[in-house]
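Results of the structural survey
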Amino acid sequence: MHSANLRPSTAGGATISLPIEGMTCASCVGRVEAALRKVAGVGTVAVNLATERAVIEPSGNSDIDRAALVAAVVKAGYEVPAQTVEFEIEGMTCASCVGRVERALRAVPGVDTAAVNLATQRATVRGGAATEALLAAVDRAGYSGRMTGGASGTQAAADGLASARQDAEREALRRDLLLATALAAPVFVLEMGSHLVPAIHRWVMDTIGMAPSWYLQFVLTTLVLVLPGRRFYVKGVPALLRLAPDMNSLVMLGTLAAYTYSVIATFVPALLPAGTVNVYYEAAAVIIALILLGRFLEAKAKGRTSQAIQRLVGLQPKVVHVLRDGLFTDVAVDAVAVGDVLQVRPGERIPLDGDVIEGDTYVDESMLSGEPVPVRKTPGSGVVGGTVNQQGAITVRASAVGAQTVLAQIIRLVEQAQGSKLPIQAVVDRVTMWFVPAVMVAAGLTFLVWLAFGPAPSLGFALVNAVAVLIIACPCAMGLATPTSIMVGTGRGAELGVLFRKGEALQSLRDASVVALDKTGTLTEGRPTLTDLLTSPGYERKEVLAFVAAVEAHSEHPIARALVEAAEREGVERPATTGFGSVTGMGVYAVAGGRRVEVGADRYMRHLGLDVVEFALAAEQLGRDGKSPLYVAIDGRLAAIVAVADPIKAGTAAAIAALHRLGLKVAMVTGDNRRTANAIASQLGIDDVVAEVLPEGKVEAVKRLRAAYGAVAFVGDGINDAPALAEADVGLAIGTGTDVAMEAADVVLMSGSLHGVPNAIALSKATIGNIHQNLFWAFAYNTALIPVAAGMLYPLYGLLLSPVFAAGAMALSSVFVLANALRLRRFKPPLLHDQ
């Protein structure tokens, strides 16, 4: 849970995230949202059934009273669980200090308990108070406090509490399910067995008798309703009294109606019309058991939907080898501060972000980028917490801890995406707000129609069919259809190195018609590199490269740096130079190793009286390839032609081909001259080129592409492309494995490879398709079966839907939706990393 969960009020219009317990269906979501919107200062509210969390955005820079939000949730019939926060306190020296700090903390509104430990210098506070308010109280008492935190500050501890609550709920459901099954099974055998199997009926009549059989069913069913079924009544009755019925209310009404009718038939049958004295204990008991089975399966599946987050949180080691007093000592990761020196041994996970200060190794960074190839790390290299040190031992200086680490940022981004709502969910919310009341009306009409027009015993038929309508229509599946797919889809994306900063990007990315790619740094490496060096007869490559690098070392031009770097990579030693100079717009010259060397464009060679015709064909081909040719003259003779270009990233062509296979147009937006841009576009099969565009002109380019093709997905490096990323319908930022906080982008591609673009779009299509399947199943299933449960098939075929089968079908609906969402965990990207 976010630390924002703890705020009593927002500061400067910050977002609040509240955990909420007790929601069971889509109608619960609608009621919680409606209640929260009434709180002063609230702008937008998004409640997620799968994550059991509400995200509240203020209107403008308004402050929101967190206590008022909690009160609104409680008034609506749900709960905001208290949380435990732990932080360090400095300055305490004795027991009276402890007492002062505890009194200060307990005085903060929302604190339930506060305990301070002098030996560990830590305070543990339980309740709903804000972290800022707690630290301010400590400060006012004359001490200083700071939050402790692992993978994401207090996030890890809060996630642990949430996970523990989910585990406890699953265990409670399992226990209740077993008890309900054990009690309901004899009821089902005695009643339904007697109807379906003549031998069982004879056995019951010969051994127990009808009346004792009914008494036994009464006792067992009463135990089912009072013990495992109690949860439905505790929630359902208050919701009904508030005129805000939910699925618990439907279950409560259905089972109570069947049970009450059966009790009257058992003990005071004279109150019922002749021919209607029957019992339906098995309906009440088995419905409870079946719905508990559905809830238990839901709880297990929900746990699996959040496994991506759990795996990310589990990536950070709990113990770190830290340099203390000249020795490496094992300490808790929470105790590490920025600047501490850590040792990471072969095979261990790197605990925190930092810089290598000693050692040489290869690190598996696939948890960041999805790319399986290990990355070499030497002194000066940056490393990221959660990645795996494969070979040598390294010493690292910590540069980020707690909530500032890259892993913590990734967890926050995935959580934000999982907790968000897609535009498609708005339709679901509007329908489900009225769905439960509509079902209750339908059940009432079913009862009245059967009572008035049904065959004898009409009262029995009326009751059974009304109960079946109430049970079949529980809208659990509707509430789970969208959020579970989002959770699994965004989690799978994180595993592939695709981070959805906003859940809405899942939907908008699916709708993109054209992908616009920035050239420099996106399609290409972003820095010029020597690509070709062709020599005249009598000259050696290394000799020419040494002279060129010696001259160009005096220039700061990017092309000059590319030539110098090429010489360094090839281990070529540069001779000493004198007399360096330049001819504006033509080239440079110097004396290197006692020989005059001139480097420049073809016009510079002509200015020197040299004919470049021998390299005419090569120069023409280089130009077609989008490369910039330069010529080298040594001692007045033409010695070589060299070409410098910004090389295309490996895998770019495969990525563009994959985008075409997905049915998308691909455009390139660049500031380069049109000839170079067209050359690169021709190599890669790009459909549209927008060249010679200044950075501020990229926004207009996005608008032009939108007018020509439709929705635009713009891919850039997240720095100078921020305006275009923001203007596009969805912006994708190419990351570097560490730069995840790209505010202008909707999606961050961690690998730095364009492979992530088709993978992200394919995942978006798969996720939205999965949501459509879920919604169709949930709505069509409920809508189609309500008439069947009401008895529409009886006049034609003599068929009725038993409440027991209605309960099984309702449970199956939710389980199907969850199982379908979990299929996204097996999503295969169109571009595998070895392509």
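Residues numbered from 1 in each chain as written. Predicted model: local features only at pLDDT ≥ 70, side-chain atom pairs only at ≥ 80, totals over all residues. Heavy atoms only, no water.

Rules: UniProt positions are given in the numbering used here, feature names are shortened, and annotations may be inferred rather than shown by experiment.
Where an unreviewed UniProt entry is consulted, the chain appears under the name P-type Cu(+) transporter, with the organism given as Pseudoduganella buxea. Quoted verbatim from the Subcellular location (unreviewed entry) field of the UniProt record, the comment on the chain reads "Cell membrane".

**Some thoughts on the UniProt feature "transmembrane region" (unreviewed entry) in the chain**
Spelled out, the test is: Helix and strand assignments come from DSSP, with helices taken as H or I runs of at least 4 residues and strands as E runs of at least 2, each series counted from the N terminus.
In this structure's numbering, the residues bearing the UniProt feature "transmembrane region" (unreviewed entry) are residues 177-200, 212-229, 250-272, 278-297, 431-453, 459-482, 775-794 and 800-822. Counted over residues 212-229, helix gives 83% and strand 0%. Its end C-alpha atoms are 24 Å apart. End C-alpha to end C-alpha, residues 278-297 measures 33 Å, and it is 85% helix and 0% strand.

**Here's the deal with a positive patch on the surface**
Formally: Think of a patch as exposed residues, more than 30% relative accessible area, with no salt bridge, where like charges cluster within 9 Å and nonpolar side chains (Val, Leu, Ile, Met, Phe, Trp, Tyr) cluster within 5 Å. All accessible-area figures derive from a Shrake-Rupley calculation using a 1.4 Å probe, and residue coverage is judged against the displayed protein chains alone. For this document, the term salt bridge refers to a Lys or Arg side-chain nitrogen within 4 Å of an Asp or Glu carboxyl oxygen. Residues scored as positive are Lys and Arg, those scored as negative are Asp and Glu, and His as well as the terminal groups of each chain are ignored. We put the charge of a Lys on NZ, of an Arg on CZ, of an Asp on CG and of a Glu on CD.
Residues Arg823, Arg825, Arg826 and Lys828 make up a contiguous surface patch of positive charge. Counting through the fold element by element, Lys828 comes out in the segment after helix 29 (803-822).

**Some points on the pairing of strand 26 (residues 665-669)**
A regular strand places its side chains so that they alternate between the two faces of the sheet. Formally: For every residue, the accessible area (1.4 Å probe, protein chains only) is compared with the maximum for its type, and the residue is labelled buried under 20%, exposed over 50%, or partly exposed between those bounds. Strands are labelled as partners when DSSP assigns at least two bridges between them.
Buried residues dominate strand 26, accounting for four of its five residues. Relative to strand 26, strand 19 (residues 514-518) runs parallel, the two sharing five bridges. Within the sheet, the bridge partner assigned to Leu517 lies in strand 26 and is Met668. The pairing of strand 26 with strand 27 (residues 688-690) spans three bridges and is parallel. Along strand 27, the bridge assignment pairs Met668 with Val689.

**Focus: the sheet that holds strand 24 (residues 628-634)**
Which entries qualify depends on this criterion: Lines are fitted to the C-alpha atoms to define the axes, a helix being fitted only along its stretch in contact, and any angle between axes, read from their N-to-C directions, falls within 0 to 180 degrees.
Here six strands make up an open sheet; going across it, the order is 20-25-24-23-22-21 and the pairing antiparallel. Only two strands of the sheet have a single neighbouring strand rather than two, namely strand 20 (529-535) and strand 21 (577-583). Averaged over all pairs of adjacent strands, the angle between their axes in this sheet comes to 20°, without regard to strand direction. Direction of pairing for strand 22 (residues 587-592) relative to strand 23 (residues 595-600): antiparallel, over a ladder of six bridges.

**With respect to unusual backbone geometry**
Not every positive phi belongs to a glycine, and Asp325 is a case in point at roughly 55°. Turning to its location among the elements, Asp325 is positioned in the loop between strand 9 (319-324) and strand 10 (327-332). Even without glycine at this site, Asp635 takes up a positive phi of about 55°. The residue Asp635 is located in the loop between strand 24 and strand 25 (637-645) in this model. Residue classification places Asp635 among the partly exposed positions, given a relative accessible area of 42%.

**Quick word on a nonpolar patch on the surface**
On the surface, Leu179, Val219, Leu223, Val226 and Leu227 cluster together to form a nonpolar patch covering roughly 390 Å² of accessible area. Considering the arrangement of structural elements, one finds Leu223 in helix 7 (residues 210-226).

**Thoughts on the sheet that holds strand 16 (residues 388-389)**
The sheet built from three strands is open, its strands ordered 14-13-16 with antiparallel pairing. Of all strands in the sheet, those with a lone pairing partner are strand 14 (375-377) and strand 16, marking the two edges. Here two bridges tie strand 13 (residues 361-364) to strand 16, and the two strands are oriented antiparallel to one another. Looking at the pairing, Val363 lines up with Asn389 of strand 16.

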